[in-house]
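# Residue-level structural notes
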Amino acid sequence: MDNIFAEYEDKLPVKIIEDIKNNIPKGIAQNKLRKILELVLEEYENAKVHPGEAVGLVSAESIGEPGTQMTLNTFHFAGVAEMNVTLGLPRIIEILDGRETPDTPAMEIYLKAPYSGGKDIREFALSLKETKLSNIADEFSISLINSEIEIKLNKEKMKAHSLTTPKVAAIIAKQIKGLNIRESEELIILKSRAKEESLNEIYKAKEKIKDVHIKGVKGISQVLPIKRNDEYVIITSGSNLADVIQLEGVDPYRTTTNNIIEVQQVLGIEAARQLIINEVFKVIENQGFNVDIRHIMLVADTMCVSGKVKGITRYGVVSEKASALARASFETPIKHIINAALIGEIDQLESVVENVMLNQAVPIGTGIPQLIANFKKK
Amino acid sequence: MKTKFKVDKHILIPKHSKLSDSQKEKLLEKYNISMNELPRILKTDAAISSLEPKPNDIIKIARKSPTAGEAFFYRVVVDV
């Protein structure tokens, strides 16, 4: 019996074959099974998208129509910690544009036992949060006479992060070179080794020192442990997937971010495609609309064909169109037409838009078949 | 502090595998296409680093699809 199924493995999707396997009565005759599969295959072939069907257009309408009714506002979580997440139309636009960083980057960090059970969950979450020097210092001042920078540290804040003045001084020395560092009680005094520094430069150095990374994971600005299905998950605002998955206690295989470009770099193009689908679908579902996932899959596939995530913008997928007229029809037409004229581009008129412009039959549906003349040589 | 991260075990990543030369030919024949009509994947892509990809290799991707159960997708490896 398995050999009959094997024949159809190439022709039918796995899910349908599984469905048939689970639903046929036991000990079915071979010829009957073959008949069933034959009928299923026929139905399947009929259900397929026809050659020349304008799938992109259907997808565009299917996603665009509910898009007109989506909220335009950023949504705020009520209550605990000020965490916002961009939702609704702005988020969809952001994803489909393939932006480098989302408006509100966020991560979902899954944990390994014992943290997932809630052990030391607060401490663990706080240890992820990025601490900059400006978070533990009270005052940064410049002493004009000695051209030095004075940093007054806050004792209580340091204690909360279990830091000491020498520790902080060592961290600064490691990250910024060319400084002489003196320390006392709660003061750290920095002086550049270079002679005769202008005030302007000292001021710049002061601003730079404020951002020195002391503890935690770079880019994570807020943390919020929550309970989800019997386990604790940490939601963060700010995202740094590459560093977080390396941490001990984190379950790297379930931890995700909402930054698509970051996922492409860390996990590859297929993961990015999956994330685009998940994120877009989540937004649409969240707003109470019902869009077939196939439309979203088509858009995600289009964005990922080249091996890199490309947005649906004039710099992304549109710039890869072969036809100059098609590119011109999207945005900035004059630029495209001038450039095409400069290099003497030839338009083969093989796609839709350019043929619409020229008032010709478009290659969609019944417009695809063409006559081919076979000239006999005399 | 650091733990070894096996990239292919992540929930977002479907299974990637490399096709042999004969499988490659079969595939191109089945769909009646040439190499440069396939979608591309970068040589440096994180998900295929363990497969030691070379340009013009074809990577088979077994995606978990909500509509078809498992769907196969193919990408050709390209330099940068």
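Scroll up a little and you will see the structure.
Just so it is clear, the structure is predicted and the values come from calculations on it, not from any experiment.

How each quantity is defined
- Think of each chain on its own: its residues are numbered from 1, step by step along the sequence as written.
- All chains are assigned letters beginning with A, and all ligands numbers beginning with 1, in the order in which they are written.
- Side-chain atom pairs in this predicted model are given and counted only at pLDDT of 80 or more, local residue features only at pLDDT of at least 70, and totals for whole chains, interfaces and linings cover all residues.
- Note that the side-chain values use all heavy atoms of the structure and ignore hydrogens as well as water.
- Each helix is a run of H or I in the DSSP string that is no shorter than four residues. Each strand is a run of E no shorter than two, and both are numbered from the N terminus.
- Throughout, radius of gyration means the C-alpha value; the globule benchmark is 2.2 Å times the number of residues raised to the power 0.38.
- Using a 1.4 Å probe on the protein chains alone, a residue whose accessible area is under 20% of its type maximum counts as buried, one over 50% counts as exposed, and one in between counts as partly exposed.
- Whether two strands pair comes down to DSSP finding at least two bridges between them.
- Between the N-to-C directions of two axes lies an angle of 0 to 180 degrees, each axis being a line fitted to C-alpha atoms and, for a helix, fitted only over the stretch in contact.
- Note on contacts: a residue pair is in contact if any heavy atoms of the two residues lie within 4.5 Å.
- Using only the protein atoms, space was sampled on a 1 Å grid; points where a 1.4 Å probe fits but cannot get out form cavities, open sets with protein on both sides within 12 Å along at least five of seven lines form pockets, and lining residues are those with an atom within 4 Å of a point.
- Grid points are joined across faces, edges and corners, and a volume is the space filled by probe spheres set on the points.
- Gly is placed with the polar residues, together with every amino acid not listed as nonpolar (Ala, Val, Leu, Ile, Met, Phe, Trp, Tyr, Cys and Pro) or charged (Asp, Glu, Lys and Arg).
- The salt bridge criterion pairs a side-chain nitrogen of Lys or Arg with a carboxyl oxygen of Asp or Glu, the two atoms within 4 Å.
- For any pair of parts, buried area is found by adding up, for both, the accessible area (1.4 Å probe) each one loses once the two are put together.
- Definition of a polar contact: a pair of N or O atoms within 3.5 Å, with one able to donate and the other able to accept a hydrogen when the atoms are protein atoms, and with sequence-neighbouring residues admitted only if both atoms are side-chain atoms.
- The length a helix should cover is 1.5 Å for every residue beyond the first.
- Our arc is simply the arc of the directions from the helix axis toward the C-beta atoms.

## Topic: the overall build of chain A
From N to C terminus, chain A includes 17 helices and 12 strands. What you see for chain A is a C-alpha radius of gyration of 30 Å, clearly larger than the 21 Å of a compact globule of 378 residues, by over 25%. Each principal axis of the C-alpha atoms in chain A carries an extent, and together these give about 95 × 70 × 45 Å. Counting all 378 residues of chain A, 38% fall into the buried class.

## Here we look at the sheet that holds strand E8 (residues 187-192) of chain A
Residues and elements named next belong to chain A. The sheet built from 4 strands is open, its strands ordered E5-E6-E8-E7 with antiparallel pairing. Each edge of the open sheet is held by one strand with a lone partner, namely strand E5 (137-143) and strand E7 (179-184). In this sheet, neighbouring strand axes are inclined to one another by 20 degrees on average, regardless of whether the strands run parallel or antiparallel. Direction of pairing for E5 relative to strand E6 (residues 148-153): antiparallel, over a ladder of 6 bridges. Residue pairing across strands places Glu139 opposite Lys152, the latter belonging to E6. Across the sheet, helix H9 (residues 165-175) is in contact with E6, E7 and E8; its angle to E7 comes to roughly 175 degrees.

## Looking at empty space enclosed by the protein
Any empty space left between the atoms is revealed when a probe the size of a water molecule rolls over them. All names here are of chain A. For the structure on display, the rule yields 1 cavity of 30 Å³ or more. Looking at the largest cavity, its volume works out to about 80 Å³. Taken together, 13 residues form the lining of the largest cavity, with Glu94, Ile95, Gly98, Arg99 and Ile260 sitting closest to its centre. Element by element, the count of residues in the lining of the largest cavity is highest for helix H5 (residues 88-97), at 3 residues. The class makeup of the residues in the lining of the largest cavity is 6 nonpolar, 4 polar and 3 charged.

## Focus on unusual backbone geometry
The amide bond that connects Ala113 of chain A to the next residue, Pro114 of chain A, takes the cis arrangement and shows omega of 0 degrees. When you line up the elements, Pro114 of chain A lands in the loop between strand E3 (106-110) and helix H6 (121-128). For Asp230 of chain A, which is not a glycine, the phi torsion comes out positive at approximately 70 degrees. Among the structural elements, Asp230 of chain A can be located in the loop between strand E10 (222-228) and strand E11 (231-237). You will see that Glu52 of chain B, though not glycine, has its phi angle at about 50 degrees, which is positive.

## Considerations on the pattern of salt bridges
Residues and elements named next belong to chain A. In this structure the tally under the stated criterion is 22 salt bridges over all chains. Close ionic contact of Glu45 with Lys48 constitutes a salt bridge, the shortest N to O distance being 3.7 Å. Relative accessible area serves as the criterion here: at 41%, Glu45 is assigned to the partly exposed category. The class of Lys48 is partly exposed, set by a relative accessible area of 38%.

## Description of the sheet that holds strand E12 (residues 256-257) of chain A
Residue and element names in this part refer to chain A. Judged by pairing direction, the sheet is antiparallel, and its 4 strands sit side by side in the order E10-E11-E3-E12 without closing on themselves. Where the open sheet ends on each side, the last strands, each with one partner, are E10 and E12. Across 5 bridges, E3 lies against E11 in antiparallel orientation. Bridge pairing links Ala106 to Ser237 in E11.

## Side note on the interface of chain B and chain A
Contact residues are listed per partner, giving 33 residues for chain B and 34 residues for chain A. Between chain B and chain A the total buried area reaches about 2,900 Å² when both faces are included, carbon and sulfur atoms providing 59% of it. Where chain B touches chain A, the interface holds 3 salt bridges. The closest approach of N and O atoms between Arg63 of chain B and Glu270 of chain A, which form a salt bridge, is 2.8 Å. Where chain B meets chain A, there are 11 residue pairs in polar contact (both at pLDDT 80 or more). Of the residues belonging to the side of chain B that touches chain A, the class tally is 16 nonpolar, 6 polar and 11 charged.

## Brief notes about helix H4 (residues 55-67) of chain A
Residue and element names in this part refer to chain A. The end-to-end C-alpha distance of H4, which contains 13 residues, comes to 18 Å, matching closely the 18 Å that a straight helix rising 1.5 Å per residue would cover. For H4, every residue scored as buried is listed here: Ser59, Ile63, Pro66 and Gly67. Viewed end-on, H4 has its buried residues packed into an arc of 125 degrees, placing them on one side of the element. Turned more than 90 degrees off the buried face of H4, the exposed positions are Leu57 and Glu61.

## Overview of the side chain of Ser239 of chain A
Residue and element names in this part refer to chain A. Position of Ser239 among the secondary structure elements: in the loop between E11 and helix H11 (241-244). Of the polar contacts made by the side chain of Ser239, one reaches the side chain of Thr257; its length is 2.8 Å. At 2.7 Å, the side chain of Ser239 forms a polar contact with the side chain of Glu262. Those residues within four positions of Ser239 in sequence are excluded, and the remaining contacts are Pro105, Ala106, Met107, Gly219, Ile220, Thr257, Asn259 and Glu262.

Such coordinate-based values are descriptive only and should not be taken to indicate function.
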